[in-house]
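Chain by chain, the residues run as shown.
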Amino acid sequence: MTPGAEAPGPRRRGRPARTTATTGPDARTRILEAARTEFAERGYDKTSVRGIAKAAGVDAALVHHYFGTKDEVFAAAIELSFEPALVVPAILGGDKEGLGERLARYFIAIWENPASRTPLLAVMRSALTNEAAANVLRGFVLRRLLGRIAEQLDVPDPTFRAELAASHMVGIAMLRYVLRTEPLASAPPERIIALVAPTLQRYLTGDQDPSPDPGPATPSADPGRSPSP
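Residues numbered from 1 in each chain as written. Predicted model: local features only at pLDDT ≥ 70, side-chain atom pairs only at ≥ 80, totals over all residues. Heavy atoms only, no water.

A tally of regular secondary structure across the protein chain gives 10 helices and zero strands. Across the protein chain, every contact between residues at least 6 apart in sequence was considered, and the portion connecting residues at least 24 apart equals 69%. (Helix = DSSP H or I, 4+ residues; strand = E, 2+ residues; numbered from the N terminus. Contact = heavy atoms within 4.5 Å.)

Following this line, the structure appears as structure tokens:
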């Protein structure tokens, strides 16, 4: 060390050293992209924060700094595919009668795009076998996406409506893209959109029919009494 120079102070724990590789405006983006790849290739169980950090070329402490736990990284990776901050205003921005079609078109477009489909397949498969992954996916779909759409429509029971819409779209994703069930797997996207859009529209904006009136009760016959001739 050069005479007279001050010795470097002790390194602070809890944060990685600030270097070009671990700082800068694209560090967070690199972590997210690495997380999507790791979850897609390894699944939720086998993906670790350390592995994500290695793939992104950063220290694991930086992953924790930006996102916290693995669950939170997983949620952020899902959000990267869906981009709710951009999509929710676009879906709600048009006429109310076209809401179902806009939602169906958006959903199918995400799954038809190979860049977003690959990590989403990992999300779906992970949610089937891991409760933590299922909770993250459920929370995102209901709170960050469909829940926000339903709440802004000023309709009764928005959460229930969001859950119905989510069940319909997740079911389509499972059968078409995960299980590859025919003929749904090979159906043209426009045909699926045309058939699904009215159902999503009814879930989110349709009137809630009251419980059917069972009508007057029919008196039961006396088992000890013979029928009249």
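E182 connects to P183 through a cis peptide bond whose omega is 10°. Here P183 shows up in the loop between α9 (158–178) and α10 (189–205). Its identity is not glycine, yet D154 carries a phi of approximately 55°, on the positive side. Within the secondary structure, D154 sits in the loop between α8 (131–151) and α9.

On to the layout of surface pockets, then. In this structure, the largest pocket occupies an estimated 200 Å³ of space. Looking at the lining of the largest pocket, the elements with two or more residues in it are α7 (114–129), α8 and α9. Broken down by element, the residue count for the lining of the largest pocket peaks at five residues, all from α8. In terms of residue class, the lining of the largest pocket is made up of 10 nonpolar, one polar and one charged. (1 Å grid on protein atoms, 1.4 Å probe; cavity = no way out; pocket = protein on both sides within 12 Å on 5 of 7 lines; lining within 4 Å. Points joined across faces, edges and corners; volume = space filled by probe spheres on them. Nonpolar A, V, L, I, M, F, W, Y, C, P; charged D, E, K, R; others polar.)

Now for the pattern of salt bridges. Scanning the entire structure with this criterion turns up six salt bridges. Of the charged contacts in the structure, one is a salt bridge between R105 and E190, with a shortest N-O distance of 2.7 Å. One end of the pair, R105, is in helix α6 (residues 99–112); the other, E190, is in helix α10, with 85 residues separating them in the sequence. On the basis of relative accessible area, R105 is assigned to the partly exposed category, the value being 33%. Among the charged side chains, a network of salt bridges with common partners joins E101, R105 and E190. (Salt bridge = Lys/Arg side-chain N within 4 Å of Asp/Glu carboxyl O. Buried < 20%, exposed > 50% of the residue type's maximum accessible area, 1.4 Å probe, protein only.)

All chains considered together, the criterion is met by two cavities of 30 Å³ or more. When its volume is computed, the largest cavity comes out at roughly 110 Å³. In terms of lining, the largest cavity is formed by 13 residues, of which the most central are F82, F107, W111, V141 and V170. Elements supplying a minimum of two residues to the lining of the largest cavity: α6, α7, α8 and α9. Tallying contributions element by element places α9 first for the lining of the largest cavity, with four residues. Residue composition of the lining of the largest cavity, grouped by class: 13 nonpolar, no polar and no charged.

Moving on to the packing of α8 against α9. Interaxial distance between α8 and α9 falls to 9 Å at its minimum, and their mutual angle equals 120°. The angle between the axes of α8 and α9 places the two elements in the oblique class. Relative to α9, the crossing made by α8 is right-handed. Contacts between α8 and α9 pair V141, L142, L146, G147, A150 and E151 from the former with P158, A162, E163, A165, A166 and M169 from the latter. Along the lines of polarity and charge, the residues of the contact of α8 with α9 split into nine nonpolar, one polar and two charged. (Axes fitted to C-alpha atoms, helices over the stretch in contact; angles between N-to-C directions. Parallel < 35°, antiparallel > 145°, perpendicular 65-115°, else oblique. Left-handed = near helix turned anticlockwise from the far one by under 90°.)

This is a description of form; function is not addressed.
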